[in-house]
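# Tertiary structure, described
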Amino acid sequence: MKELSSKFAIPLIVVLLICVIVMVSLNILMRGNKEVLVQHWEVVSAEGSGQTLVARDTTEVRPQILEAIEARKLAIIEFDDSGDSWAGSQKNYATTIVDEANWRGTTIYVYVHGWNHNSRPDRADGDLVMFSQFILNLNQQQPEQDHVGVYISWPGDPSLRFSFLGPLSFPGRRAATSRLASPTLLSYLMQLRAKANKENKTVVLIGHSFGGRVVERVMTPSMQAYYNLKRHGSAELKSLSEDADHRKLLLADLTILINPATEGLHARKVKLASRRWPYSEFPAIISFTSETDPHTGGTWKTGKTLEEWLVPTVPRQSRYYNLSDSNGREIGEYVGGYLSHTSGHDRRLLSGKVRRSENGEAEAFEIASDLDESPISSNFLFPRFKEEVGHLLPTGGYLVFRIGSEILDGHSGEYAAASDVEGDQMDLNPTIFNPEMTALMQYLLQKLETYEGNDVLSEVRKSQDEASGYHDVLEAW
């Protein structure tokens, strides 16, 4: 026995040493540069305008960002890796420029960026410069209104010493979004919403990629508060003010997720929790995933697979939801499928497709509920649910659409040289804020103003809800 133990002792020690060396080496390689955990902007006193934003530790700032700041149309609020804000003065400055905006027609766009981005002022391909150009374009195109941008920044860019290791930052950056979607951010957005309500200003909340994961989570509490008041609130509570707009309970008038990198499981929970969202009420969340986006599809599944196998604190999710209707028809499904798929790549969560209209009629976009009946793909890590084709979930107040490449191509769109862009003062073509996506946002804002529960959005909801396999079991569930 002793001979056997000594025979395997040395190889075992060698294997353990190799594992330690690999782990330590990987840890060193995965350490980001110090700039990932720094504050890039600060609020300082300025002549004539009270306060303004200036870049810290650099004089190189992209011209679009400078122009938006000088026009007092852009605020930047930075959060650290733990989800705490870097400086309360940034939040106060954002409130100030919102106050200064023209009260007759002000729209406040709050944007949370995604993976591989931050608030670096000198980054030519960063989301900050794209968002700045988006705000400038809106103010140029609609001078009768004020458009103010609030850029929510977090360490989405791991800034690794070796860029080829970037995909390995997936678990860490995804975890950072959970810390960002915290009471700190929620509290500020609630304050901003309260300020907008007093002055009758419109709030649009936008999240892209991992930023969509953040927005989805901070939006949910107010969504449920609104839904519960509408469905379960007493008559006395509802009539406290007959003229009150109860929709102001929501964190934003319009919430848009663009190629959200978030587990479909959360969308499933929200849809079921708000399953009887009135058709007369405009949806609380509208999500768009491009049909040509590879990152919320294959990249997400790969990242989740690596996370399950390499991160010991992440358990394998294999619970089976065993539900049956009154006729004994089984509609069970595995939870794993909702974790390995984002909402825009899960047939059960989809509400329809959005296309640019080509018939020249009044409607700028075509919204259809017809979807193919292809099953949800699976792999050895996340087993398929028993049904070959997933059952549609009720829409609730959360619509999930696929959009064509003519609206948004890929995960973040395509860059275009200045000479390729039509328009008198457009310096570049903002990626996810390209003209087509901008038109889609304006289209939804118009829908919001005129919504009475009898247009194409409500028809899409009714169509999906009628086809939902959950309807017979919702009450029991």
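Relevant structure appears above.
Residues numbered from 1 in each chain as written. Predicted model: local features only at pLDDT ≥ 70, side-chain atom pairs only at ≥ 80, totals over all residues. Heavy atoms only, no water.

### Notes on the overall build of the protein
- Per the secondary structure count, the protein includes 13 helices and 13 strands.
- The buried share of the protein, taken over its 477 residues, is 52%.
- A separation of at least 24 residues holds for 78% of the contacts in the protein among residues at least 6 apart in sequence. (Helix = DSSP H or I, 4+ residues; strand = E, 2+ residues; numbered from the N terminus. Buried < 20%, exposed > 50% of the residue type's maximum accessible area, 1.4 Å probe, protein only. Contact = heavy atoms within 4.5 Å.)

### Describing the pattern of salt bridges
- By the definition in use, this model includes 17 salt bridges.
- Arginine 120 is the partner of aspartate 122 in a salt bridge, and the nearest nitrogen-oxygen pair spans 3.2 Å.
- Judged by its relative accessible area of 23%, aspartate 122 is partly exposed.
- Its relative accessible area of 24% is what places arginine 120 among the partly exposed residues.
- In this structure, arginine 217 and glutamate 263 form a salt bridge, with 3.2 Å as the shortest nitrogen-oxygen distance. Residue arginine 217 is found in helix 7 (residues 210–232), and its partner glutamate 263 is found in the loop between strand 7 (254–258) and helix 9 (264–273); the two are separated by 46 residues along the sequence.
- Each member of the salt-bridge network shares a partner with another, and the members are Arg174, Arg213, Glu216, Arg217 and Glu263. (Salt bridge = Lys/Arg side-chain N within 4 Å of Asp/Glu carboxyl O.)

### Observations concerning helix 13 (residues 456–467)
- Over its twelve residues, helix 13 runs 17 Å from end to end, which matches the ideal 16 Å to within 8%, given 1.5 Å per residue.
- Buried within helix 13 are the following residues: Leu457, Ser458, Val460, Arg461, Gln464 and Asp465. Each buried residue of helix 13 lies within a common arc of 155° when the element is viewed along its axis, so the set occupies one face. (Expected span 1.5 Å × (residues − 1). Arc of directions from axis to C-beta.)

### Considerations on unusual backbone geometry
- At arginine 72, a position not held by glycine, the phi torsion is positive, near 60°.
- A residue is classified by how much of its surface remains accessible, and arginine 72, at 15% relative accessible area, is buried.

### Digging into the environment of leucine 66
- Within the element layout of this structure, leucine 66 appears in helix 2 (residues 63–70).
- Looking at leucine 66, the relative accessible area reads 37%, which means it is partly exposed.
- Sequence separation between leucine 66 and leucine 53 is 13 residues, and the spatial gap between their C-alpha atoms is 9.2 Å.

### Brief notes about the packing of aromatic side chains
- Scanning the model with the defined rule gives 14 aromatic pairs in all.
- Between the aromatic rings of tyrosine 226 and tryptophan 277, the centroid separation amounts to 5.2 Å while the plane-to-plane angle is 45°, which identifies the pairing as tilted. On the criterion of sequence distance, the pair formed by tyrosine 226 in helix 7 and tryptophan 277 in the loop between helix 9 and strand 8 (285–290) is long-range, its members being 51 residues apart.
- Overall, the relative accessible area of 1% leaves tyrosine 226 in the buried class. (Phe/Tyr/Trp six-rings, centres within 6.5 Å; stacked < 30°, edge-to-face > 60°.)

### Considerations on the side chain of arginine 461
- Summarising the element assignment, arginine 461 is placed in helix 13.
- Take arginine 461: its relative accessible area is 1%, and that puts it in the buried class.
- Within polar-contact distance, the side chain of arginine 461 engages the backbone oxygen of tryptophan 277 at 2.7 Å.
- Setting aside anything within four residues of it in sequence, one finds arginine 461 in contact with Trp277, Pro278, Tyr279, Glu281, Thr395, Gly396 and Leu399. (Polar contact = N/O pair within 3.5 Å; in protein donor to acceptor, adjacent residues only side chain to side chain.)

### Describing the sheet that holds strand 3 (residues 74–78)
- Reading across from one edge, 3-5-4-6-7-8-13-11-12 is the order of the nine strands in this open sheet, with mixed pairing throughout. A single partner strand is all that each edge strand has here, and the edge strands are strand 3 and strand 12 (365–368). Taking each pair of neighbouring strands and ignoring which way they run, the sheet shows an average axis angle of 20°.
- Of the pairings in the sheet, the one linking strand 11 (residues 352–356) to strand 12 comprises four bridges and is antiparallel in character. Residue pairing across strands places arginine 355 opposite glutamate 366, the latter belonging to strand 12.
- Sitting on the sheet, helix 4 (residues 127–141) is in contact with strand 3, strand 4 (106–112), strand 5 (146–153) and strand 6 (202–208), with an inclination near 170° to strand 5. (Pairing = 2+ DSSP bridges. Axes fitted to C-alpha atoms, helices over the stretch in contact; angles between N-to-C directions.)

### Focus on the pairing of strand 4
- Of all seven residues in strand 4, seven are buried; the element is thus mostly enclosed.
- Inspection of the sheet shows strand 4 paired to strand 5 by seven bridges, in the parallel sense. Looking at strand 5, one finds that tyrosine 109 is bridged to glycine 149.
- One crossover worth recording links strand 4 to the parallel strand 5 by way of helix 4, and it is right-handed.
- Where strand 4 meets strand 6, six bridges bridge the pair, whose relative direction is parallel. (Right-handed = clockwise from strand over helix to strand, strands pointing away.)

### A look at the packing of helix 3 (residues 88–100) against helix 6 (residues 183–198)
- It is the contact of helix 3 with helix 6, at a shortest axis distance of 11 Å, that shows an interaxial angle of 15°. The orientation of helix 3 with respect to helix 6, classified from their angle, is roughly parallel. In the crossing of helix 3 with helix 6, the sense of the turn from one axis to the other is right-handed. On the side of helix 3, the interface is formed by Lys91, Ala94, Thr95, Val98 and Asp99, while helix 6 contributes Tyr188, Leu192 and Lys195.
- Across the contact of helix 3 with helix 6, the residue classes break down as four nonpolar, one polar and three charged. (Parallel < 35°, antiparallel > 145°, perpendicular 65-115°, else oblique. Left-handed = near helix turned anticlockwise from the far one by under 90°. Nonpolar A, V, L, I, M, F, W, Y, C, P; charged D, E, K, R; others polar.)

### Brief notes about the pairing of strand 3
- Counting buried positions along strand 3 yields five of five residues, so the element is predominantly enclosed.
- Side chains Leu74, Ile76 and Glu78 of strand 3 all project onto a buried face; the interleaved residues Ala75 and Ile77 project onto the opposite face, where all are buried too.
- In terms of strand pairing, strand 3 meets strand 5 through five bridges, oriented parallel. Bridge pairing links isoleucine 77 to isoleucine 152 in strand 5.

### Looking at the environment of leucine 339
- For leucine 339, the position within the fold is in helix 11 (residues 336–340).
- Sequence separation of leucine 339 and histidine 266 is 73 residues, and the distance between their C-alpha atoms is 8.9 Å.

### A word on the packing of helix 2 against helix 4
- Between helix 2 and helix 4, the shortest axis-to-axis distance is 8 Å and the interhelical angle comes to 50°. On the basis of their axis angle, the class for helix 2 and helix 4 is oblique. Classified by chirality, the crossing of helix 4 by helix 2 is left-handed. Contact residues: Gln64, Ile65, Glu67 and Ala68 in helix 2; Leu128, Val129, Ser132, Gln133, Leu136 and Gln140 in helix 4.
- Considering only residue class, the contact of helix 2 with helix 4 consists of five nonpolar, four polar and one charged.

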